[in-house]
Protein chains: 2
Amino acid sequence: MKNLLSIKGIKLAACASGIKQANKQDLAIIELPPESHISAAFTQNTACAAPVEVARSHHSNTPSRLLVINSGNANAGTGKQGTDDTISYCKKASEVFSLKTEQVLPFSTGVIGELLPVERISDSFEQLKDNLHEDNWQNVAEAIMTTDTKPKGISKEITINGGESITITGIAKGAGMIQPNMATMLAFIATDIFINQDDLDKLLKTNINESFNCITVDGETSTNDACVLMSTSSSSHKFSVLNKQDKENFCCLLREVFIYLAKSIVRDGEGATKFITVEVQGAQSKEEAHTVAYSIANSPLVKTAFFAQDPNWGRILSAAGKTQYNMESLKIYVCDICVYDSLKPNTYNENDLKELMLKTDVIIRLDLGCGTNKVKIWTTDLSYDYIKINAEYRS
Amino acid sequence: MKNLLSIKGIKLAACASGIKQANKQDLAIIELPPESHISAAFTQNTACAAPVEVARSHHSNTPSRLLVINSGNANAGTGKQGTDDTISYCKKASEVFSLKTEQVLPFSTGVIGELLPVERISDSFEQLKDNLHEDNWQNVAEAIMTTDTKPKGISKEITINGGESITITGIAKGAGMIQPNMATMLAFIATDIFINQDDLDKLLKTNINESFNCITVDGETSTNDACVLMSTSSSSHKFSVLNKQDKENFCCLLREVFIYLAKSIVRDGEGATKFITVEVQGAQSKEEAHTVAYSIANSPLVKTAFFAQDPNWGRILSAAGKTQYNMESLKIYVCDICVYDSLKPNTYNENDLKELMLKTDVIIRLDLGCGTNKVKIWTTDLSYDYIKINAEYRS
């Protein structure tokens with residue numbers, strides 16, 4: 001993880017509340033200054049977790065001021081008790097931080113179907129308040145991990161007219177149960193730019209579609225996915241009056257933060273030994289490109305072939321054809337070598353290709369030859385360790 | 001595999017033609033008597049194999065008389081050369097067996113993207129003709145295997161009015177790349193009942209939907225799936241004039257043959273240690289039930305949990321909710337123990353449930369509580385051996 005920059009006015013803290021085993025960081029808070037704007041997207045899984053329902057409701061009512069995030073327990077499938085528990089610790093937090101209950105947004109990640117040790121959470125807020133600091137991004141990135149092997153975070157800075165800079169910092173967690181759907185695993189991205197709610201909402205939507213909605217580890221949409229974009233508006237730079245070039249620069253950096261975090265989740269995918277980019281171009285529609293790309297990115301046969309570093313393009317062809325879109329002009333490239341061209345195998349040196357496949361980062365590219373739409377999806381291979389991690393998750 | 005009964009008039013043969021390693025059976029033929037009817041369904045994968053295209057075309061033109069089936073090479077992704085090769089050996093077979101080329105139906109299964117050793121196939125027809133026998137079903141079931149660990153076949157007999165009996169015999173292959181879509185892996189089912197083409201086509205369609213279209217190993221739809229139902233009409237019993245009870249009995253047995261073969265494919269699923277039945281009831285539509293059941297049956301997280309014999313129902317809940325259907329009245333049962341009831345965990349003895357999960361055959365049942373539609377889908381767990389088999393497939 002790169003060095004994380006503070007965002008003026010945003011204070012963070014993390015602690016070991018006792019949800020996970022003793023002394024493991026598992027609870028974090030992010031406090032926003034009063035003038036902040038916040039935009040949030042949540043999972044579309046209809047069996048979504050209690051904190052997702054509560055956060056969605058709180059967020060729609062009142063400007064949010066405090067994010068409470070726990071790992072080790074998803075508080076999903078926990079019914080009315082799960083909702084009551086969530087509201088209970090939000091209420092406690094609001095008392096400690098002198099806010100309204102609706103100004104507190106709860107987020108959880110971890111095992112599904114177990115009740116939260118709600119008192120341990122409530123009892124931790126005083127301690128967390130005492131430890132609030134602007135430079136605690138790294139600690140919070142660590143506290144929200146579950147099967148992640150490393151924390152995920154990034155900062156970007158842009159100087160406007162040689163004057164004061166705008167800063168963007170984002171953190172995320174996620175390694176398994178990854179195929180976000182119009183939302184994402186837990187990700188928290190903040191900037192100090194002065195921006196209105198509408199613009200912030202648009203930026204969140206656009207960037208999610210090009211980052212967290214372009215990744216998959218195992219095709220699973222979590223019950224707890226959430227992505228939050230926050231702005232303190234503490235910078236003197238107003239988004240709405242930035243000149244074209246500055247606005248483009250800012251949007252470009254913000255996009256880089258989203259994509260970096262999304263890719264970090266894939267790179268840390270459960271058991272992953274490869275980072276695979278699936279590019280589909282020449283599609284008649286975005287939807288077609290998406291469907292074909294995800295069919296390949298989620299194919300266990302393609303993923304095991306890449307784990308074996310075997311350029312078995314027949315499985316890519318089969319996964320593409322499974323979508324029932326027209327494959328008559330299809331070209332398939334593996335690591336930029338054309339292996340299949342319009343209904344027949346292409347001649348290539350298999351040893352050269354096997355050599356290229358030894359790299360950690362590999363590219364599968366399909367040209368459907370039917371149109372101008374394209375997408376990029378990022379995924380992992382499927383290894384013994386994915387089975388190991390998920391067979392032993394609760395044991 | 002049960003003992004397989006002959007169908008009067010249908011002769012079969014198998015040999016080692018040299019497609020696979022030396023001396024492995026890899027080529028089979030099934031010859032039908034002139035008065036036979038044959039109904040066939042093929043994969044809907046748009047990147048379908050050359051033999052699928054040729055068989056589809058031949059089948060629609062002329063009554064089929066000879067099925068040629070090879071394993072070890074799928075002849076898929078092989079373009080015009082693959083089609084030319086297929087027609088070439090169909091022509092050779094038609095000469096040896098004194099038929100029209102269009103009366104020969106080709107079927108292939110095995111690795112994708114390699115050209116067939118077409119001369120080895122053509123050179124084998126004389127030998128195959130010399131070895132034709134009515135009791136060769138077992139040999140053919142073995143010759144069509146790829147990653148299958150055992151041959152799959154079954155016979156059923158029904159006596160009508162205490163007189164002559166009707167016989168049904170079916171064989172199939174398949175272990176990986178299994179989620180047939182309105183078609184199936186290779187399956188060949190024959191009966192001697194006197195039946196017209198329309199009735200035979202209806203029987204094929206109905207039975208496929210309740211058998212091969214209800215299974216998945218890895219969510220992959222093959223380029224080469226095909227299912228063939230044949231009738232020699234050599235029996236004196238006419239399907240169209242059977243009384244209601246006899247017709248029901250015959251249809252019931254035929255259904256049993258389809259389901260037995262479909263289940264055999266799942267039981268032999270690559271790396272499978274469990275046979276999992278996913279039942280979804282209480283759905284508003286068949287489509288809803290299907291979507292929810294397949295979301296669970298293809299979930300790598302559910303499958304690894306069952307491999308670990310861990311009743312981690314949170315993953316079932318998440319896979320159900322991922323479909324975005326209403327889960328507010330959902331009940332989940334694992335091995336008939338209710339683990340989740342309408343938005344909250346149900347109390348149960350986890351040790352009792354773990355004990356039940358040690359069995360090879362386990363049931364996941366969901367009641368969506370929204371309607372009267374239900375489906376059953378059969379699937380496997382996901383084990384280390386699935387990765388091993390598919391990582392080492394071409395090495």
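Colleague: Go over the overall build of chain A with me, naming the residues and quoting the values.
Modeller: Looking only at helices and strands, chain A features 12 helices and 15 strands. Expected size for 395 residues packed as a compact globule is a radius of gyration near 21 Å; at 22 Å, chain A falls within 12% of this value. For the C-alpha atoms alone, the extent of chain A along its principal axes is close to 70 × 55 × 35 Å. Looking at the 395 residues of chain A, the share that counts as buried comes to 57%. Partitioning the intrachain contacts of chain A with sequence separation of at least 6 by distance along the chain shows that 80% fall at a separation of at least 24.

Colleague: An account of helix α12 (residues 384-391) of chain B is needed here, citing residue identities and associated values.
Modeller: Here α12(B) has its buried residues at B:Y386, B:I387, B:N390 and B:A391. Taken around the axis of α12(B), the buried residues stretch over an arc of 115°, which confines them to a single face. Check the buried side of α12(B) and you find it contacts α9 (300-307) and α12 (384-391) of chain A.

Colleague: I'd like a rundown of the environment of B:V54, residues and numbers included.
Modeller: Residues and elements named next belong to chain B. In this fold, V54 is placed in helix α1 (residues 50-61). For V54, a count of 26 C-beta atoms within 10 Å corresponds to the buried category. For the pair V54 and L67, spaced 13 residues apart in the sequence, the C-alpha separation amounts to 12 Å.

Colleague: So, the packing of α9(A) against helix α10 (residues 313-321) of chain A: which residues are in play, and what are the values?
Modeller: All names here are of chain A. The N-to-C vectors of α9 and α10 enclose an angle of 160°; their axes lie 9 Å apart at closest approach. With respect to their mutual orientation, α9 and α10 come out roughly antiparallel. Here the hand of the crossing between α9 and α10 comes out left-handed. In this structure, α9 contributes L301, V302 and A305 to the contact, and α10 contributes R315, I316 and A319.

Colleague: Describe the interface of chain A and chain B, with residues and values.
Modeller: The partner chain B presents 54 residues to the 54 residues of chain A that form the contact. Elements that contribute at least two residues to the side of chain A that touches chain B include exactly α2 (79-96), α9, α10, β13 (344-345) and α12 of chain A. A total of 7 residues in the side of chain A that touches chain B trace back to one element, the largest contributor, which is α10(A). Broken down by class, the residue content of the side of chain A that touches chain B amounts to 24 nonpolar, 22 polar and 8 charged.

Colleague: Pulling in residues and values, what's your account of the domain arrangement of chain A?
Modeller: All names here are of chain A. As far as domains go, chain A holds domain 1 (11-267) and domain 2 (275-391). Between the C-alpha centres of domain 1 and domain 2 there is a distance of 33 Å. When the residues that make up the side of domain 1 that touches domain 2 are grouped by side-chain class, the tally is 5 nonpolar, 4 polar and 2 charged.

Colleague: Let's hear about the sheet that holds strand β15 (residues 373-380) of chain A: which residues, and what values?
Modeller: Residue and element names in this part refer to chain A. What the 6 strands build is an open sheet, ordered β13-β12-β11-β14-β10-β15; its pairing is mixed. Among the strands making up the open sheet, the edge pair consists of β13 and β15. As paired elements, strand β11 (residues 331-334) and strand β14 (residues 361-367) share 4 bridges and run antiparallel to each other. Within β14, the residue paired with I332 across the bridge is L366. Strands in contact with helix α7 (residues 244-267) are β10 (275-283) and β15; relative to β15, the strand with the most contacts, it is inclined by about 45°.

Colleague: Describe the relation of the copies chain A and chain B, and please don't skip the residues or the numbers.
Modeller: Relating one copy of the chain to the other requires a rotation about an axis plus a shift along that axis. With an RMSD of 0.1 Å, the fit of chain A onto chain B corresponds to turning through 180° and sliding 0.0 Å along the axis. Both copies are brought into coincidence by an operation consistent with a two-fold rotation axis. When C-alpha distances to the rotation axis are compared across chain A, the minimum falls at A:Y384, with a value of 2.8 Å. In this assembly the copies share their binding face: 100% of the residues contributing to the interface of chain A also contribute to that of chain B.

Colleague: Tell me about α1(B), and name the residues and values.
Modeller: Residue and element names in this part refer to chain B. Between its first and last C-alpha atoms α1 spans 17 Å; for 12 residues at 1.5 Å apiece the expected length is 16 Å, and the two agree. By the burial criterion, the buried members of α1 are A50, P51, V52, V54, A55 and H58. Where α1 is buried, its residues contact β3 (37-42), α2 (79-96), β5 (104-111) and β9 (226-231).

Colleague: Which residues make up unusual backbone geometry, and what values do they have?
Modeller: All names here are of chain B. Residues other than glycine seldom take positive phi values, yet S98 does so here, at roughly 55°. Relative to the elements of secondary structure, S98 occurs in the loop between α2 and β5. A tally of 8 C-beta atoms within 10 Å means that S98 is categorised as exposed. Phi is positive for D336, close to 70°, though the residue is something other than glycine.

Calculation notes
Residues numbered from 1 in each chain as written. Chains lettered and ligands numbered in written order. Predicted model: local features only at pLDDT ≥ 70, side-chain atom pairs only at ≥ 80, totals over all residues. Helix = DSSP H or I, 4+ residues; strand = E, 2+ residues; numbered from the N terminus. Rg over C-alpha atoms; globule rule 2.2 N^0.38 Å. Buried ≥ 20, exposed ≤ 12 C-beta atoms within 10 Å, placed from the backbone. Contact = placed C-beta atoms within 7 Å. Arc of directions from axis to C-beta. Axes fitted to C-alpha atoms, helices over the stretch in contact; angles between N-to-C directions. Parallel < 35°, antiparallel > 145°, perpendicular 65-115°, else oblique. Left-handed = near helix turned anticlockwise from the far one by under 90°. Nonpolar A, V, L, I, M, F, W, Y, C, P; charged D, E, K, R; others polar. Domains from an automatic or database assignment. Pairing = 2+ DSSP bridges. Least-squares fit on C-alpha atoms with pLDDT ≥ 70 in both. Expected span 1.5 Å × (residues − 1).

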